[in-house]
Amino acid sequence: GAVVSQHPSWVICKSGTSVKIECRSLDFQATTMFWYRQFPKQSLMLMATSNEGSKATYEQGVEKDKFLINHASLTLSTLTVTSAHPEDSSFYICSARVSVEQFFGPGTRLTVL
Amino acid sequence: GQNIDQPTEMTATEGAIVQINCTYQTSGFNGLFWYQQHAGEAPTFLSYNVLDGLEEKGRFSSFLSRSKGYSYLLLKELQMKDSASYLCAVRDTPRGSTLGRLYFGRGTQLTVWP
């Protein structure tokens, strides 16, 4: 299957700082990528749809100014958590669709102190 | 809105068969997926149903009834390594150039005992 990578795999930051997470499609081009967030023992919550060359589409309740998404190329989407706070600590997972299937990156564990 | 419901936890013994149910009410429907997720890892694809009926894939089978908004994942010949969370997900209908989005249930934590 298609491979999606994420970097970093984990990050610890201080409250108030910004963190950038990269998502790459390694062996295919992804016009659209999806960003999810997962809290402990909860399911994946869709945050936004990242579209190459255009603005991201955010789900209801997700602050677009706090979670900045940039999809600069067909193989790279980035999520920047701005002014991070402890409540933003979570597992962030990106995903890309190839035909019918949707493949997920390995996730990024963010801990905000 | 999207409402996807599945049991929180299930247990079974090695070699047994387990059925994990999922019911859904979504604003659009363009396929139902089952994923397996081990703790701290990303979900991995198990099955996809878009038409009514049963899809079989080795030890795993998935069933869909669109009229009832119901699906199940059937796991046969359970192994210890099958202990994981099983996520039911529904894709909504595409709008314009936007691909259908995948929405997940809360997941069913399956524990397989020896």
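None of the values given here were measured: they were computed from a predicted structure.

### As for the overall build of chain A
Check the secondary structure of chain A and you find zero helices and eleven strands. Overall, chain A shows an N-to-C arrangement of helices and strands of β-β-β-β-β-β-β-β-β-β-β. Its C-alpha radius of gyration of 13 Å places chain A within 12% of the 13 Å reference for a compact globule of 113 residues. Counting only C-alpha atoms, chain A reaches 40 × 25 × 20 Å along its principal axes. Within chain A, buried positions represent 52% of all 113 residues. When the accessible area of chain A is evaluated, it comes to approximately 5,500 Å², of which 54% is carbon and sulfur surface. Counting 10 positive and 9 negative side-chain charges, chain A places the averaged centre of each group 4 Å from the other.

### A short note on the sheet that holds strand β8 (residues 76-81) of chain A
Residue and element names in this part refer to chain A. If you trace the four strands from one edge of the open sheet to the other, you get β1-β3-β8-β7, paired in antiparallel fashion. Whereas interior strands pair on both sides, the edge strands pair on one side only; in this sheet they are β1 (4-7) and β7 (67-73). Taken pair by pair, the neighbouring strands of this sheet meet at an average axis angle of 20 degrees, ignoring direction. Looking at chain direction, β1 and strand β3 (residues 19-25) are connected through four bridges and run antiparallel. From the neighbouring strand, Gln-6 faces β3, where its bridge partner is Cys-23.

### A look at the pattern of salt bridges
In total, this model carries seven salt bridges over all chains according to the counting rule given. Residue Lys-76 of chain B is joined to Glu-56 of chain B by a salt bridge in which the shortest nitrogen-to-oxygen separation is 3.8 Å. With a gap of 20 residues between them, Lys-76 of chain B in the loop between β8 (70-75) and β9 (84-91) and Glu-56 of chain B in strand β6 (residues 53-57) connect regions that are remote in the sequence. Taking the relative accessible area as the measure of exposure, Lys-76 of chain B reaches 28% and is therefore partly exposed. For Glu-56 of chain B, a relative accessible area of 56% corresponds to the exposed category. The salt bridge involving Arg-101 of chain B is made with Asp-92 of chain B; its shortest N-O contact spans 2.9 Å. When its relative accessible area of 17% is taken as the criterion, Arg-101 of chain B is described as buried. By relative accessible area, which is 2% here, Asp-92 of chain B ends up buried. Ionic contacts of the salt-bridge type, sharing partners, join the residues Glu-59 of chain A together with Asp-92 and Arg-101 of chain B into one network.

### Concerning the environment of Cys-23 of chain A
Residue and element names in this part refer to chain A. Looking at where Cys-23 falls in the secondary structure, it is placed in strand β3. Along the chain, Cys-23 and Ile-93 lie 70 residues apart, while their C-alpha atoms are 8.6 Å from each other. Apart from the residues lying within four places of it in its own chain, the contact partners of Cys-23 are Val-4, Ser-5, Gln-6, Met-33, Trp-35, Thr-75, Leu-76, Ser-77 and Cys-94.

Rules and cut-offs
Residues numbered from 1 in each chain as written. Chains lettered and ligands numbered in written order. Predicted model: local features only at pLDDT ≥ 70, side-chain atom pairs only at ≥ 80, totals over all residues. Heavy atoms only, no water. Helix = DSSP H or I, 4+ residues; strand = E, 2+ residues; numbered from the N terminus. Rg over C-alpha atoms; globule rule 2.2 N^0.38 Å. Buried < 20%, exposed > 50% of the residue type's maximum accessible area, 1.4 Å probe, protein only. Areas by Shrake-Rupley, 256 points an atom, 1.4 Å probe, with all protein chains shown as cover. Lys, Arg positive; Asp, Glu negative; His and termini not counted. Charge placed at Lys NZ, Arg CZ, Asp CG, Glu CD. Pairing = 2+ DSSP bridges. Axes fitted to C-alpha atoms, helices over the stretch in contact; angles between N-to-C directions. Salt bridge = Lys/Arg side-chain N within 4 Å of Asp/Glu carboxyl O. Contact = heavy atoms within 4.5 Å.

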